[in-house]
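# Observations on chain architecture
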Amino acid sequence: MNEKEFDLITFGEIMLRLSPPTNQRIGRCDSFEKHAGGAELNVASGVSLLGLRTGVITQLPHNDIGFFVKNRIRFSGVSDDYIIFDDNPDARLGIYFYENGAYPRKPKVIYDRRHSSIWKMKLEDVPESVYSATRMFYTSGITLALNENLRTIAVEMIKKFKAAGAKIAFDVNYRATLWDEDTARETIKKVLPLVDILFISEESCRRMFGKEGTLQDMHREFCRDFPNIQYIASSEREVISPKVHSFTSTVYSHETDTFYTEEPYKNIDVVDRIGSGDAFCAGVLFGLLKYADAQKAMEFGNATCAVKNTIFGDLLVSDFNEISSMIAAHHTKGKQSEMNR
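Now for a look at the structure at hand. (Residues numbered from 1 in each chain as written. Predicted model: local features only at pLDDT ≥ 70, side-chain atom pairs only at ≥ 80, totals over all residues. Heavy atoms only, no water.)

### Some remarks on the sheet that holds strand β6 (residues 95–99)
The sheet built from four strands is open, its strands ordered β3-β2-β6-β7 with mixed pairing. One side of each edge strand has no neighbouring strand; the edge strands of this open sheet are β3 (33–37) and β7 (108–112). Within this sheet the neighbouring strands show an average axis-to-axis angle of 25°, counted without direction. Sheet topology places β6 next to β7; five bridges connect them, and they run antiparallel. Along β7, the bridge assignment pairs Ile95 with Asp112. Packed onto the sheet, helix α2 (residues 64–75) meets β2 (15–19) and β3 and runs at close to 65° relative to β3. (Pairing = 2+ DSSP bridges. Helix = DSSP H or I, 4+ residues; strand = E, 2+ residues; numbered from the N terminus. Axes fitted to C-alpha atoms, helices over the stretch in contact; angles between N-to-C directions. Contact = heavy atoms within 4.5 Å.)

Laid out in structure tokens, this is it:
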């Protein structure tokens, strides 16, 4: 077997997140806590913490803010080999402000990300050697949505990684604030013939792609339309209040025509839900990369999502042992100890 340097490489924008302390309001607080985050970094970080080798392709400003993000990438165990630094005087990092919700007040997000350094990235600045260096490549609809330049780069990267033998994982992750449904649908349809692992919500199946029937019906229809898709994963979240959620998912194996799901993680104590969907993707991809097992992928995805909701910041901070213990506890019936010691 030809050993690859990486198990997973991702491509996308990394942003600076600024959040008021605890449950304070953006418009009333005097200070902000800063974090690094972004869908593709969140996924790479989660897979790395679970024990596999990951890297991220992105462009950052060549200043102290860019170095802060670079250090957070390293702290998560993600390779910074493919970071491109922007030396232009107007180089900047995209920012978003996140305000926690408390029932009945919902969480709030304000974006300041237009014309960040990655928007001007050039494909020729990415070394050709990266395309044959990994077993899997991941990006999302968020990256495709940012601008036409990144859309073109992302699609070309998918083609290059695919040609070099990597599996392609793609999360539709539709954001109405970034692009319209028609553009999103037509762009993603061009990508789907190259995708091996697809993450898509039930809402996107119905609303964006016009699918009907049960979730299982829609998964099967996607695989009839795009027989290259090996697995489809859809998360299922019940929002009881901003601070209480339940979560499970369905993972479909096209080859065996089998659906994998389990009882939800109920009444999750939500500290911060940002990045929890990316944590789900990370758990699923870890299960597929490590075990080639859709059942394990679903279990790791559910557990990583559930625990990420309990952690402040965008990035997962749970390792393989903690997630494995959570999975075992979730499958254990009867009374359990409330303390690890």
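### As for the environment of Ile57
Inspection of the secondary structure puts Ile57 in strand β4 (residues 54–61). With 65 residues separating them in the primary sequence, Ile57 and Lys122 have C-alpha atoms 12 Å apart. Not counting the four nearest positions on each side in its chain, Ile57 is found in contact with Ile9, Thr10, Phe11, Gly12, Tyr82, Met121, Val126, Val130, Met157 and Phe161.

### Observations regarding the pairing of strand β9 (residues 167–171)
Counting buried positions along β9 yields four of five residues, so the element is predominantly enclosed. Sheet analysis places strand β8 (residues 136–140) next to β9, joined by five bridges and oriented parallel. Pairing of Phe137 across the sheet is with Ile168, part of β9. As judged from the three bridges shared by β9 and strand β10 (residues 197–199), these two strands associate in the parallel manner. Looking at the pairing, Phe170 lines up with Leu198 of β10. As for the winding sense of the linkage, the β-α-β connection from β9 through helix α5 (residues 181–191) to β10 is right-handed. (Buried < 20%, exposed > 50% of the residue type's maximum accessible area, 1.4 Å probe, protein only. Right-handed = clockwise from strand over helix to strand, strands pointing away.)

### Remarks on the packing of aromatic side chains
Throughout the structure, instances matching the rule amount to 15 aromatic pairs. Relative to Phe222, the ring of Phe209 lies with its centre 5.3 Å away and its plane at 75°, an arrangement referred to as edge-to-face. Of this pair, Phe209 sits in the loop between α6 (202–207) and α7 (215–225) while Phe222 sits in helix α7, placing them 13 residues apart in sequence. Neither residue differs from the other here; Phe209 and Phe222 are each classed as buried. Taken together, a centroid distance of 5.9 Å and an interplanar angle of 20° make the contact between Phe300 and Phe320 stacked. With Phe300 in helix α9 (residues 294–308) and Phe320 in helix α10 (residues 320–330), this residue pair connects regions lying 20 residues apart in the sequence. Residue Phe320 is classed as partly exposed on the basis of its relative accessible area of 29%. A connected cluster of aromatic rings, assembled from ring pairs, spans Phe286, Tyr291, Phe300 and Phe320. The ring of Phe68 carries Lys34 above its face, with NZ or CZ at 4.7 Å from the centroid. (Phe/Tyr/Trp six-rings, centres within 6.5 Å; stacked < 30°, edge-to-face > 60°. Lys NZ or Arg CZ within 6 Å of the ring centre and 35° of its normal.)

### As for unusual backbone geometry
With an omega of 5°, the peptide bond between Tyr103 and Pro104 qualifies as cis. For Pro104, the location among the structural elements is in the loop between β6 and β7. With a phi close to 40°, Asn173 is a non-glycine residue in the positive phi region. Residue placement: Asn173 occurs in the loop between β9 and α5. Residue Asn173 is classed as buried on the basis of its relative accessible area, which comes to 13%. Even without glycine at this site, Asn267 takes up a positive phi of about 55°. Here Asn267 lies in strand β14 (residues 265–269).

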